[in-house]
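One-letter residues, chain by chain:
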Amino acid sequence: MTDSRHVAEISGGGFAGLTAATALAQMGWSVRVHEQASELRAEGAGIVLWNNSLQVLDKIGAKPDLESRSMTPPAYETRMNNVIQSQETLDGIRWRTMTRPHLHQTLLTAARESGVEVIAGSAVTGAAPDGTITLASGETATADLVIGADGVTSAVRDSLSIPMTRQRSGDGISRFLVPRRKAELLALEPETEWDNVIDFWNLYPRVLRVLYTPANDEELYLALMSPSADADGSRVPIDLALWISIFPQLAPVLEDAAKIQGRYYGYQTTRLDRWTEGKVALIGDSAHAMCPALAQGAGTAMQNAWTLAVAATEALAAGVDLPAALTEWERLERPYTDIAQDRSQWYADTREMAKGNQFTGESVVTALYNPTDPHRHEVHAA
Ligand code: 5PR
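Residues numbered from 1 in each chain as written. Predicted model: local features only at pLDDT ≥ 70, side-chain atom pairs only at ≥ 80, totals over all residues. Heavy atoms only, no water.

K.L.:
I'd like to hear about the overall build of the chain, residue by residue, with values.
P.N.:
Of regular secondary structure, the chain possesses 12 helices and 18 strands. For 382 residues, the compact-globule estimate of 2.2 N^0.38 gives 21 Å, and the C-alpha radius of gyration of the chain, at 21 Å, lies within 12% of that figure. If you line up the chain on its principal axes, its C-alpha atoms span 65 × 55 × 40 Å. Here the chain holds 382 residues, and 54% of them are scored as buried. Residue pairs at least 24 apart in sequence account for 74% of intrachain contacts in the chain once pairs closer than 6 positions are excluded. (Helix = DSSP H or I, 4+ residues; strand = E, 2+ residues; numbered from the N terminus. Rg over C-alpha atoms; globule rule 2.2 N^0.38 Å. Buried < 20%, exposed > 50% of the residue type's maximum accessible area, 1.4 Å probe, protein only. Contact = heavy atoms within 4.5 Å.)

Given below as structure tokens:
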């Protein structure tokens, strides 16, 4: 018997690719994910997810697995030169912190349980608008839908020659996963709620920042920000004496971070003229890499993965031309990513997050979005 299912070929086994793959497989597609790395694992330390991506994880059945090792801290606290600016409890906003390895494992499990074929050590070198992909081996394959979810250095994107701009910011960050050491931190600063996310900004006399994010009972995600022009601040492994001199109350966890090689990433935003070309669609960092200020890089990747899967499935079921449906998908969905990109770049350039009270208005439009609500684009009469 021949397989009558629609076929999707996806480049990239990260958060975007695995989410799209799982959604498509659950909607009846035959799906392959090509991951160029020889091992299937997540790079990076910790992550914060908001309503937009958590709704998608609910839909693909990953909620229990995700919640087994993640948390919602009591508040998002912001300090400037160690003076508390705000403690936002984010009432009514759904959010969770976790490690990147945990999120990746959750998605990989969901993908496999949905029948996705995930192939490690398989690099896609390019794609064509007619739905053909080329692998590093020279082998080609054709699909009804091709997804480039292959990251900021995307080969799929580059093979399509879509005009792209790159905006850089002067600041950047290195990230670490370390043990919580809550008792030691409490001994140093007993009045602090060490289960909070705490955004420790130091602007004078020197710009350095530690974003302290508990990821679960045992693991802590530390993001250390400095201007790239500050050679000592942006050095990895970190300059332990420098960081402890500014953030003495974090000494125990900074000592652990200093044992890790780490990598410093300069903030940047990349924007494409369009996210689709024929039967090829780009999602995640390949299409819309952004500064991390609002923690929406993976969130927008996962929301776009879900809405793309729905749009493609509905188009093929209705006999609608897929390239036209993908263009319409981008038109409807892209504004929620654009606003997160623009706002995150603005925060990166201005360091306005140091003032606290950031989770209002435009800054939470994308976080609050529900990409799984079928009525989300309906215009309501006033
Ligand atoms: N939020 C999160 C984060 O990881 C970073 C930022 C904000 C969760 C840094 O990676 O502002 O840079 C930020």
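K.L.:
A description of unusual backbone geometry should follow, citing residues and the corresponding values.
P.N.:
A negative phi angle characterises most non-glycine residues, just as the trans form characterises most peptide bonds. The peptide bond linking Tyr 204 to Pro 205 adopts the cis configuration, its omega dihedral lying at 0 degrees. Omega for the peptide link from Val 236 to Pro 237 comes to -15 degrees, which places this bond in the cis form. Although it is not a glycine, Ala 295 adopts a positive phi angle of roughly 50 degrees. When you line up the elements, Ala 295 lands in the loop between helix 9 (285–288) and helix 10 (297–318).

K.L.:
Tell me about the side chain of Glu 9, residues and numbers included.
P.N.:
Position of Glu 9 among the secondary structure elements: in strand 1 (residues 7–11). Residue classification places Glu 9 among the buried residues on the basis of a relative accessible area of 6%. Looking at Glu 9, its side chain comes within polar contact range of the side chain of His 34, at 2.7 Å. Non-local contacts of Glu 9, meaning those with residues more than four positions away in its chain, are made with Arg 32, His 34, Ile 133, Ala 141, Ala 143, Leu 145, Val 146 and Ile 147. (Polar contact = N/O pair within 3.5 Å; in protein donor to acceptor, adjacent residues only side chain to side chain.)

K.L.:
Please provide a residue-by-residue account of the sheet that holds strand 2 (residues 30–35), values included.
P.N.:
The strand order across the open sheet built from six strands is 7-2-1-11-18-17, with neighbouring strands paired in mixed fashion. Two strands close off the open sheet at either side, each with one partner strand: strand 7 (117–120) and strand 17 (276–277). Relative to strand 11 (residues 145–148), strand 1 runs parallel, the two sharing four bridges. Within strand 11, the residue paired with Ala 8 across the bridge is Leu 145. (Pairing = 2+ DSSP bridges.)

K.L.:
Explain the sheet that holds strand 9 (residues 132–135) to me, and be specific about the residues and the numbers.
P.N.:
Whether parallel or antiparallel, the strands of a sheet pair through hydrogen bonds between backbone atoms. Read from one edge to the other, the open sheet built from three strands follows the order 8-9-10, with strand pairing classed as antiparallel. Among the strands making up the open sheet, the edge pair consists of strand 8 (124–128) and strand 10 (140–142). Between one strand and the next, the sheet's axes are offset by a mean angle of 20 degrees, whatever the strand orientation. Direction of pairing for strand 8 relative to strand 9: antiparallel, over a ladder of four bridges. Along strand 9, the bridge assignment pairs Ala 128 with Thr 132. (Axes fitted to C-alpha atoms, helices over the stretch in contact; angles between N-to-C directions.)

K.L.:
Could you give me a rundown of helix 1 (residues 15–26), with the residues and numbers involved?
P.N.:
The terminal C-alpha atoms of helix 1, which comprises 12 residues, lie 17 Å apart, in line with the 16 Å expected from a rise of 1.5 Å per residue. Counting buried positions along helix 1 gives 11 out of 12 residues, so the element sits mostly inside the fold. Every buried residue of helix 1 is listed here: Phe 15, Ala 16, Gly 17, Leu 18, Thr 19, Ala 20, Ala 21, Thr 22, Ala 23, Leu 24 and Ala 25. One or two residues past the end of helix 1 sits Gly 28, with phi positive at roughly 100 degrees. (Expected span 1.5 Å × (residues − 1).)

K.L.:
Pulling in residues and values, what's your account of the pattern of salt bridges?
P.N.:
Per the stated rule, a full pass over the model turns up 26 salt bridges. Across the salt bridge formed by Arg 41 and Glu 39, the nearest N and O atoms sit 3.9 Å from each other. Like Glu 39, Arg 41 is exposed. Ionic pairing is found between Arg 181 and Glu 184, a salt bridge with its closest N-O pair at 3.3 Å. (Salt bridge = Lys/Arg side-chain N within 4 Å of Asp/Glu carboxyl O.)

K.L.:
Report on the site of the ligand, specifying residues and quantitative values.
P.N.:
What surrounds the ligand is the set Val 48, Ile 173, Arg 175, Arg 209, Leu 211, Tyr 221, Tyr 267, Pro 292, Ala 293, Ala 295 and Met 353. Here an oxygen atom of the ligand and a side-chain polar atom of Arg 209 are 2.9 Å apart. A distance of 3.0 Å separates an oxygen atom of the ligand from a polar atom in the side chain of Tyr 267. Contact with the protein chains hides 94% of the accessible area of the ligand, taken as 320 Å² for the molecule alone. When contributions to the shell around the ligand are tallied by element, the ones reaching two or more residues are strand 12 (164–179) and strand 14 (208–214). A breakdown of the residues in the shell around the ligand according to their chemical character gives nine nonpolar, no polar and two charged. (Near = heavy atom within 4 Å. Areas by Shrake-Rupley, 256 points an atom, 1.4 Å probe, with all protein chains shown as cover. Nonpolar A, V, L, I, M, F, W, Y, C, P; charged D, E, K, R; others polar.)

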